[in-house]
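# Geometric and topological summary
For reference, the chains in residue letters:
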Amino acid sequence: MNNYELMVIFTPVLSEEDYKVAQKKFADLIKETGGTVTHENPWGLRSLAYPIQKKTTGMYLVLEYSAPSDLNEKLKIQLNRDENVLRHMITALDKYAVEYNGRKRHGVSADSKTVEA
Amino acid sequence: MAVKQEIKYLTAVKTEKRQKKYCRFKKMGIKYVDYKDAEFLKKFLNDQGKMLPRRITGNSLKFQRKVAQAIKKARQMALLPYVTDLLK
(Lines give C-alpha, C1' and ligand atoms only; values in the text may rest on other atoms or scores of the structure.)
Protein backbone atom coordinates (compact mmCIF):
# COMPACT_ATOMS: atom_id res chain seq x y z
CA MET A 1 0.00 0.00 0.00
CA ASN A 2 1.96 3.03 -1.14
CA ASN A 3 0.92 6.60 -0.51
CA TYR A 4 -0.30 8.85 -3.29
CA GLU A 5 -1.60 12.36 -3.57
CA LEU A 6 -4.19 13.34 -6.15
CA MET A 7 -4.70 16.98 -7.10
CA VAL A 8 -7.66 17.81 -9.32
CA ILE A 9 -8.76 21.11 -10.90
CA PHE A 10 -12.50 21.32 -11.60
CA THR A 11 -14.20 23.86 -13.84
CA PRO A 12 -15.12 27.03 -11.91
CA VAL A 13 -18.70 26.87 -13.24
CA LEU A 14 -19.27 23.99 -10.79
CA SER A 15 -21.75 24.89 -8.06
CA GLU A 16 -20.96 24.20 -4.41
CA GLU A 17 -22.85 20.97 -4.04
CA ASP A 18 -21.64 19.63 -7.43
CA TYR A 19 -18.17 20.26 -6.13
CA LYS A 20 -18.95 18.21 -3.01
CA VAL A 21 -20.56 15.48 -5.10
CA ALA A 22 -17.48 15.26 -7.34
CA GLN A 23 -15.24 15.24 -4.28
CA LYS A 24 -17.23 12.42 -2.70
CA LYS A 25 -17.25 10.51 -5.97
CA PHE A 26 -13.48 10.28 -6.14
CA ALA A 27 -13.11 9.60 -2.42
CA ASP A 28 -15.64 6.75 -2.65
CA LEU A 29 -13.98 5.39 -5.76
CA ILE A 30 -10.71 5.12 -3.85
CA LYS A 31 -12.39 3.50 -0.86
CA GLU A 32 -14.29 0.89 -2.90
CA THR A 33 -11.29 -0.27 -4.88
CA GLY A 34 -9.27 -1.04 -1.78
CA GLY A 35 -7.61 2.29 -0.93
CA THR A 36 -7.99 4.42 2.19
CA VAL A 37 -8.28 8.20 2.03
CA THR A 38 -6.00 9.65 4.72
CA HIS A 39 -6.86 13.29 4.11
CA GLU A 40 -9.23 15.31 1.95
CA ASN A 41 -8.37 18.95 1.42
CA PRO A 42 -10.65 21.01 -0.84
CA TRP A 43 -9.02 24.36 -1.67
CA GLY A 44 -12.13 25.67 -3.40
CA LEU A 45 -12.06 28.41 -6.02
CA ARG A 46 -8.59 29.68 -6.87
CA SER A 47 -7.28 31.74 -9.76
CA LEU A 48 -5.02 29.83 -12.13
CA ALA A 49 -1.55 31.10 -13.06
CA TYR A 50 -2.47 30.77 -16.74
CA PRO A 51 -5.80 30.06 -18.46
CA ILE A 52 -6.67 26.38 -18.92
CA GLN A 53 -9.33 25.70 -21.57
CA LYS A 54 -10.11 29.44 -21.65
CA LYS A 55 -10.89 29.48 -17.92
CA THR A 56 -8.84 31.61 -15.54
CA THR A 57 -10.11 30.16 -12.25
CA GLY A 58 -10.61 26.60 -11.05
CA MET A 59 -11.83 24.60 -8.07
CA TYR A 60 -8.89 22.78 -6.56
CA LEU A 61 -9.07 19.51 -4.62
CA VAL A 62 -6.19 17.67 -2.96
CA LEU A 63 -6.74 14.06 -1.87
CA GLU A 64 -4.10 12.18 0.05
CA TYR A 65 -4.62 8.42 0.10
CA SER A 66 -2.80 5.13 0.40
CA ALA A 67 -3.74 2.46 -2.11
CA PRO A 68 -2.52 -0.68 -3.85
CA SER A 69 -0.47 0.12 -6.92
CA ASP A 70 -3.11 -0.92 -9.47
CA LEU A 71 -5.76 1.53 -8.24
CA ASN A 72 -4.34 4.56 -10.01
CA GLU A 73 -5.13 3.15 -13.44
CA LYS A 74 -8.84 2.91 -12.59
CA LEU A 75 -8.72 6.39 -11.13
CA LYS A 76 -7.18 7.80 -14.30
CA ILE A 77 -9.94 6.32 -16.45
CA GLN A 78 -12.53 8.01 -14.28
CA LEU A 79 -10.63 11.29 -14.26
CA ASN A 80 -10.23 11.37 -18.01
CA ARG A 81 -13.88 10.50 -18.56
CA ASP A 82 -15.18 13.16 -16.18
CA GLU A 83 -15.74 16.32 -18.26
CA ASN A 84 -15.71 18.88 -15.45
CA VAL A 85 -12.17 17.88 -14.51
CA LEU A 86 -9.80 20.35 -16.18
CA ARG A 87 -6.55 18.77 -15.07
CA HIS A 88 -5.39 16.19 -12.59
CA MET A 89 -2.08 14.99 -11.19
CA ILE A 90 -1.25 11.90 -9.14
CA THR A 91 2.06 12.06 -7.26
CA ALA A 92 3.64 9.27 -5.28
CA LEU A 93 4.59 10.29 -1.75
CA ASP A 94 7.79 9.05 -0.13
CA LYS A 95 8.13 8.81 3.61
CA TYR A 96 9.41 12.36 4.00
CA ALA A 97 6.41 13.64 2.05
CA VAL A 98 3.95 11.72 4.21
CA GLU A 99 5.66 12.98 7.36
CA TYR A 100 5.65 16.53 5.94
CA ASN A 101 1.93 16.38 5.15
CA GLY A 102 1.18 15.00 8.58
CA ARG A 103 3.17 17.77 10.24
CA LYS A 104 1.55 20.38 8.01
CA ARG A 105 -1.88 19.21 9.07
CA HIS A 106 -1.02 19.56 12.74
CA GLY A 107 -0.24 23.25 12.34
CA VAL A 108 3.52 22.93 12.39
CA SER A 109 4.52 23.84 8.85
CA ALA A 110 8.11 22.77 8.33
CA ASP A 111 8.60 24.78 5.20
CA SER A 112 7.75 28.30 6.30
CA LYS A 113 11.25 29.51 7.02
CA THR A 114 11.41 32.90 8.62
CA VAL A 115 15.18 33.21 8.28
CA GLU A 116 16.13 34.09 4.73
CA ALA A 117 19.04 32.44 2.90
CA MET B 1 55.75 55.93 -15.70
CA ALA B 2 55.08 54.59 -12.20
CA VAL B 3 55.72 50.84 -12.11
CA LYS B 4 52.57 48.88 -11.30
CA GLN B 5 53.47 47.72 -7.82
CA GLU B 6 54.77 51.11 -6.78
CA ILE B 7 51.29 52.60 -6.96
CA LYS B 8 50.14 53.18 -3.43
CA TYR B 9 46.45 53.71 -2.78
CA LEU B 10 45.38 56.20 -0.17
CA THR B 11 42.96 53.73 1.41
CA ALA B 12 43.58 49.96 1.43
CA VAL B 13 41.75 48.13 -1.38
CA LYS B 14 38.88 46.56 0.58
CA THR B 15 38.20 43.01 -0.72
CA GLU B 16 34.97 42.19 1.18
CA LYS B 17 34.82 38.54 2.12
CA ARG B 18 32.01 36.90 0.05
CA GLN B 19 29.47 35.33 2.38
CA LYS B 20 29.82 31.53 2.22
CA LYS B 21 26.74 30.14 0.44
CA TYR B 22 24.98 27.19 2.05
CA CYS B 23 22.17 24.85 1.14
CA ARG B 24 19.13 26.05 3.08
CA PHE B 25 17.56 22.60 2.95
CA LYS B 26 20.50 20.90 4.63
CA LYS B 27 20.83 23.71 7.15
CA MET B 28 17.14 23.74 8.09
CA GLY B 29 16.80 19.98 7.88
CA ILE B 30 13.97 20.12 5.33
CA LYS B 31 13.62 16.77 3.60
CA TYR B 32 10.65 17.29 1.25
CA VAL B 33 9.98 20.14 -1.16
CA ASP B 34 6.22 20.51 -1.43
CA TYR B 35 4.98 21.42 -4.91
CA LYS B 36 1.76 22.85 -3.46
CA ASP B 37 3.61 25.60 -1.56
CA ALA B 38 3.86 28.16 -4.39
CA GLU B 39 5.03 30.98 -2.13
CA PHE B 40 8.07 29.02 -1.02
CA LEU B 41 8.89 27.93 -4.58
CA LYS B 42 8.76 31.53 -5.79
CA LYS B 43 12.01 32.11 -3.91
CA PHE B 44 13.70 29.93 -6.56
CA LEU B 45 12.21 31.77 -9.54
CA ASN B 46 13.31 35.05 -11.10
CA ASP B 47 10.72 37.67 -11.89
CA GLN B 48 10.06 36.12 -15.30
CA GLY B 49 9.08 32.87 -13.64
CA LYS B 50 12.24 31.09 -14.77
CA MET B 51 14.16 28.79 -12.39
CA LEU B 52 17.28 30.26 -10.80
CA PRO B 53 20.53 28.32 -11.28
CA ARG B 54 22.27 26.57 -8.42
CA ARG B 55 25.12 29.08 -8.26
CA ILE B 56 22.56 31.73 -7.27
CA THR B 57 20.23 29.73 -5.06
CA GLY B 58 23.18 28.02 -3.38
CA ASN B 59 21.29 24.73 -3.16
CA SER B 60 23.05 21.40 -3.12
CA LEU B 61 22.57 19.28 -6.24
CA LYS B 62 20.13 16.87 -4.58
CA PHE B 63 17.79 19.60 -3.38
CA GLN B 64 18.11 21.71 -6.53
CA ARG B 65 16.71 18.74 -8.43
CA LYS B 66 13.89 18.31 -5.90
CA VAL B 67 13.06 22.01 -6.20
CA ALA B 68 13.14 21.75 -10.01
CA GLN B 69 10.75 18.79 -9.94
CA ALA B 70 8.43 20.60 -7.53
CA ILE B 71 8.42 23.75 -9.68
CA LYS B 72 7.58 21.76 -12.80
CA LYS B 73 4.71 20.04 -10.99
CA ALA B 74 3.44 23.39 -9.69
CA ARG B 75 3.57 24.80 -13.22
CA GLN B 76 1.66 21.82 -14.55
CA MET B 77 -1.09 22.37 -11.97
CA ALA B 78 -1.25 26.14 -12.73
CA LEU B 79 0.05 27.11 -9.28
CA LEU B 80 3.06 28.79 -10.91
CA PRO B 81 3.11 30.40 -14.37
CA TYR B 82 5.41 29.04 -17.08
CA VAL B 83 6.44 32.53 -18.14
CA THR B 84 5.33 35.90 -16.85
CA ASP B 85 6.65 39.35 -16.14
CA LEU B 86 6.87 40.96 -12.69
CA LEU B 87 6.09 37.69 -10.98
CA LYS B 88 7.09 38.96 -7.50
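Under an unreviewed UniProt entry, the name given to chain B is Small ribosomal subunit protein bS18, and the organism recorded is Chitinophaga agrisoli. For the record of chain B, the UniProt heading Subunit (unreviewed entry) holds the text "Part of the 30S ribosomal subunit. Forms a tight heterodimer with protein bS6." Under Function (unreviewed entry), UniProt gives the following word-for-word description of chain B: "Binds as a heterodimer with protein bS6 to the central domain of the 16S rRNA, where it helps stabilize the platform of the 30S subunit."

By the naming in an unreviewed UniProt entry, chain A is Small ribosomal subunit protein bS6, taken from Chitinophaga rupis. Per UniProt, chain A carries the Sequence similarities (unreviewed entry) text "Belongs to the bacterial ribosomal protein bS6 family." The Function (unreviewed entry) comment attached to chain A in UniProt states, word for word, "Binds together with bS18 to 16S ribosomal RNA."

### Quick notes on the overall build of chain A
For chain A, the helix and strand inventory stands at 3 helices and 4 strands. Seen in sequence order, chain A has helices and strands lined up from the N terminus as β-α-β-β-α-β-α. Dimensions of chain A, computed from C-alpha atoms along their principal axes, come out at roughly 40 × 35 × 20 Å. Counting all 117 residues of chain A, 41% fall into the buried class. In chain A, 72% of the contacts between residues at least 6 apart in sequence involve partners at least 24 apart. One way to put it: in chain A the 16 positive side-chain charges average out to a point 3 Å from where the 16 negative ones average out.

### What about the packing of aromatic side chains?
Residues and elements named next belong to chain B. Counted under the stated rule, the structure contains 10 aromatic pairs over all chains. Ring geometry for F25 and F40: centres 6.0 Å apart, planes at 90°, overall edge-to-face. Here F25, found in helix α1 (residues 24-28), pairs with F40, found in helix α2 (residues 38-41); they are 15 residues apart in sequence, far enough to count as distant. For the pair formed by F25 and F40, the shared burial category is buried. Between F40 and F44 the ring centres are 5.6 Å apart and the planes differ by 80°, which places this aromatic pair in the edge-to-face class.

Reading guide: rules and limits
- Position numbers for residues start from 1 in each chain and track the written sequence from start to end.
- Each chain takes a letter, starting from A, and each ligand takes a number, starting from 1, following the order in which they are written.
- Confidence filtering applies because this is a predicted model: local features only for residues at pLDDT of at least 70, side-chain atom pairs given and counted only at 80 or more, and all residues used for totals across whole chains, interfaces and linings.
- Side-chain numbers here rest on the full set of heavy atoms in the structure, without hydrogens or water.
- UniProt positions are given in the numbering used here, feature names are shortened, and annotations may be inferred rather than shown by experiment.
- What counts as a helix is a DSSP run of H or I of at least four residues, what counts as a strand is a run of E of at least two, and both are numbered from the N terminus.
- Exposure categories follow from relative accessible area, calculated using a 1.4 Å probe and restricted to protein chains: below 20% of the type maximum is buried, above 50% is exposed, and the middle band is partly exposed.
- In this analysis, two residues are considered to be in contact whenever any of their non-hydrogen atoms come within 4.5 Å of each other.
- Working convention for charge: Lys and Arg count positive, Asp and Glu count negative, and His plus the chain ends are omitted.
- Each charge is placed at NZ for Lys, CZ for Arg, CG for Asp and CD for Glu.
- Two aromatic rings from Phe, Tyr or Trp, using only the six-membered ring of Trp, form a pair when their centres are within 6.5 Å; if the ring planes differ by under 30 degrees the pair is stacked, by over 60 it is edge-to-face, and anything between is tilted.

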